[in-house]
Amino acid sequence: MKRIGQAVSPGLAKAPAHIVRAVSWSLPKQAVANVDSELEKIDEAIMLTTNELQKIKNKTSSTSNQHDTDIIQVHLAIARDPEVRKRVRQRIEQESCDAAYAYYVEMEAVLESFAKHDDTYIGERKSDILDVRDRMLSHLHVPIAPVAKLDRDVILVGDDLMPSRFLQYDLQHVKGIVTRKGGMISHTVILARASGIPMLVGVEGLENVKQGQIVILDGLNGCVMFDPDPDEQADYAGQLADYTELITTLVEESPSAPATKPIQANIHGSDNIDGVRRYGADGIGLFRTEMIYMKATAIPSEDEQYDIYKAVLAQVDGPIVVRTLDIGADKQLPYLSRSSELRGIAHSLAHPELLKPQLGALLRASGEGDLRMLLPMVRSTTEIRRFKAILARLVTSKTMTIPLGIMVETVDALKNIDSLAREVDFLSIGTNDLKAELSAAGRAQGGSWYDPTLLAAVNRIIQTGHRHGIEVTLCGEMAADPMLAPVLFGLDLDVWSVRPQAIPLIRRELRKMDYDNCRKTALECLKTNSEEKLRSVLERHWKGVQS
Ligand code: PEP
Ligand code: MG
């Protein structure tokens, strides 16, 4: 039985299916006589949940990668959210109801407020909230069975897979993941990619899959086979051998053979610099700083941040583009007294107590190497000017100069692109958020970068940047798709910034590009008006290149 899905983490795998069961709740309201004991139960559940998450975090920080630890940090922030605790307590007091019901209802309200946002980033964060909710309810109501201990290699198959459940599995034995739900940037997908585990989402008919049934997951072509026949098994073996050889060759050749355009790395925090070096990145094009703030228990001081930025500059050659804090909406800092609906630069401008230590640290570190600053979720020139005014007040010497760029990832930024480009030294296209803002379907559902509207936006941003004489980088996931490399090359993109593991393949593609041919393909792609037509232009291009 063959099924089609969306490959969100590349690779190939063959192993027996391990079925992941969804958790479901039925929580009728219970009237209680002892309100105080229900209030205590909430605090106890928060403590138990926090302890559990802390244990997972300790385990992942010693055995796994940075992404895993970062995501558990987000879960800790959700579990400790003071606003939710306050509202749950109020409900218990006002309605004399049980703690499990009160918590469930409040979390439903949180989820509903998320559902109102078209922003798919927020949509994707729903699974994190559900994950924490289930953990809390398992302490307030009935315990959820822990994930099964794996004693052999498996492919996880299920309707959905929550990030913290995923991290509880022994990942050495998880060879692949197949789910019905999930989008390109859900946390489980980000974790799977960072752990090198192939994953397919959007696969229907999984309810018929049996425990132990053999599965072949093709995370290169977006399909999965259950109970494959001998021919399919032989095809798989051949494909696996080719793929393994390709990856080995790519990694070995990557640092020594430069590409025609710089390929930089995207990192979260400063812990995976080894990967940046191993895959031969030409600097860091996107240094996300959220986790520096989220891992801390109080606002990280200028000195602490200075040490981090300085250490990265010492370890990596080439420019380091540090993005100021992209926090807000669902990502709140537990140590801030008020939560905020603002995100990105708007949030930083509303919270100078967060922004100033970061800017102070960046200004000081700017003397140590090629450091650049990038502002997230920019919408207007007013924001840039307000930011520059704060920056100017912090500059204490003439040597403190940092090139300033903006992420172009909102529809407002796209509309105002001409006036925004006039204000800055470079542009960086954030296709993850931009696609979400451009499509009503949002980031979770909008599964493909082969989108003519998005491509037209990318083209417009590149052209505008060049008209103003500034460089344009693409640092969203779209840049990591090798199939699109000729189009972006033909549109004159200056810099690619991708997760480190994606560098070798993009480098190989960019090394063999013929500009005239790519330009022709890019212009043809711009004339298309549907995903199918865009794909068919690309297919023709690739067939032409191979023949
Ligand atoms: C983007 O939106 O494309 C981007 C790179 O930013 P993030 O994924 O961190 O929101
Ligand atoms: Mg973004």
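Residues numbered from 1 in each chain as written. Chains lettered and ligands numbered in written order. Predicted model: local features only at pLDDT ≥ 70, side-chain atom pairs only at ≥ 80, totals over all residues. Heavy atoms only, no water.

Caption draft 1: Just the pattern of salt bridges, in detail. In this structure the tally under the stated criterion is 35 salt bridges. For D433, the salt bridge goes to R343, with nearest N and O atoms at 3.2 Å. Here the residue D433 occupies a position in helix 17 (residues 431–438), and R343 occupies one in the loop between strand 11 (320–323) and helix 12 (345–350), the gap between them amounting to 90 residues. With relative accessibility at 12%, the residue R343 sits in the buried group. A salt bridge links R499 to E477, with the shortest nitrogen-to-oxygen separation between them at 3.2 Å. Taken together, the positions of R499 in the loop between strand 16 (495–498) and helix 21 (503–511) and E477 in the loop between strand 15 (471–474) and helix 20 (485–490) put the pair 22 residues apart, joining distant regions of the chain. According to the relative accessible area criterion, E477 is buried, its value standing at 17%. (Salt bridge = Lys/Arg side-chain N within 4 Å of Asp/Glu carboxyl O. Helix = DSSP H or I, 4+ residues; strand = E, 2+ residues; numbered from the N terminus. Buried < 20%, exposed > 50% of the residue type's maximum accessible area, 1.4 Å probe, protein only.)

Caption draft 2: Quick peek at the sheet that holds strand 14 (residues 426–429). Spatial ordering of the closed barrel is given by 9-10-11-12-13-14-15-16, a layout of eight strands whose pairing is parallel. The sheet shows a mean angle of 25° between the axes of neighbouring strands, taken without regard to direction. For strand 15 and strand 16, the ladder comprises two bridges, and the chain directions are parallel. When the bridges of strand 16 are listed, L474 appears paired with W496. Sheet contacts for helix 11 (residues 302–315): strand 10 (284–288), strand 11 and strand 12 (371–375); angle to strand 10, the most-contacted strand, approximately 155°. Strands strand 12 and strand 13 (404–408) of the sheet are contacted by helix 14 (residues 381–394), whose axis makes an angle of about 150° with strand 13. (Pairing = 2+ DSSP bridges. Axes fitted to C-alpha atoms, helices over the stretch in contact; angles between N-to-C directions. Contact = heavy atoms within 4.5 Å.)

Caption draft 3: Structural detail: the confidence of the model for the protein chain. Chain-level pLDDT for the protein chain is 87 on average; 91% of the residues reach the 70-or-more range. Predicted confidence for residues 442–446 stays below pLDDT 50, and this span has 17 contacts to residues more than four positions away or in other chains. (pLDDT = per-residue confidence, 0-100.)

Caption draft 4: Region of the structure containing the coordination of the magnesium ion (ligand 2). Around the magnesium ion (ligand 2), the donor atoms from the protein are E409 (OE) and D433 (OD), and they sit 2.0 to 2.1 Å away. Separated by 24 residues along the polypeptide, E409 in the loop between strand 13 and helix 15 (411–415) and D433 in helix 17 bring together distant segments of the chain. Comparing E409 with D433, the two get one shared label, buried. (Donors = N, O, S within 2.8 Å, 3.2 Å for Na, K, Ca; no water.)

Caption draft 5: Structural context of unusual backbone geometry. A positive phi angle, near 50°, is found at D227, a position not held by glycine. Looking at the secondary structure, you find D227 in the loop between strand 8 (223–226) and helix 8 (230–253). The exposure class assigned to D227 is partly exposed, which follows from its relative accessible area of 47%. In this structure, D492 is a non-glycine residue whose phi angle is positive, near 70°. The residue D492 is located in the loop between helix 20 and strand 16 in this model.

Caption draft 6: Molecular detail of the site of ligand 1. Inspection of the region around ligand 1 gives 13 residues, with R288, R323, G430, N432 and D433 positioned closest. Here an oxygen atom of ligand 1 and a side-chain polar atom of R323 are 2.9 Å apart. In this structure, an oxygen atom belonging to ligand 1 sits 2.7 Å away from a main-chain N or O atom of N432. Bound to the protein, ligand 1 loses 95% of the 290 Å² it would expose on its own. For the shell around ligand 1, the elements supplying multiple residues, two or more each, are strand 10 and helix 17. In terms of residues, the shell around ligand 1 owes the most to one element, helix 17, which gives three residues. In the shell around ligand 1, the residues fall into three nonpolar, four polar and six charged. (Near = heavy atom within 4 Å. Polar contact = N/O pair within 3.5 Å; in protein donor to acceptor, adjacent residues only side chain to side chain. Areas by Shrake-Rupley, 256 points an atom, 1.4 Å probe, with all protein chains shown as cover. Nonpolar A, V, L, I, M, F, W, Y, C, P; charged D, E, K, R; others polar.)

Caption draft 7: Just the nonpolar core, in detail. If you look at the biggest cluster of nonpolar residues, it comprises 143 residues, and the most contacted ones within it are Y103, F387 and L427. Among all residues touching L427, those that are not within four sequence positions of it are I406, V408, I417, A421, I461, G465, I470, E471, V472 and T473. By size, the runner-up hydrophobic cluster in this structure holds 15 residues, among which are A15, V157, V203 and F226. (Core = buried A, V, L, I, M, F, W, Y, C linked by side-chain atoms within 4.5 Å.)

Caption draft 8: Molecular detail of the packing of aromatic side chains. The full count for this structure, using the stated rule, is two aromatic pairs. Centroid distance F489 to Y515: 5.9 Å. Interplanar angle 75°. Geometry classified as edge-to-face. Of the two residues, F489 sits in helix 20 while Y515 sits in helix 22 (residues 515–526), which places them 26 residues apart along the sequence. When the ring centre of Y306 is taken as origin, the NZ or CZ atom of R364, which lies over that ring, is 4.2 Å away. Sitting above the plane of the Y450 ring, R535 keeps its charged end 4.1 Å from the centroid. (Phe/Tyr/Trp six-rings, centres within 6.5 Å; stacked < 30°, edge-to-face > 60°. Lys NZ or Arg CZ within 6 Å of the ring centre and 35° of its normal.)

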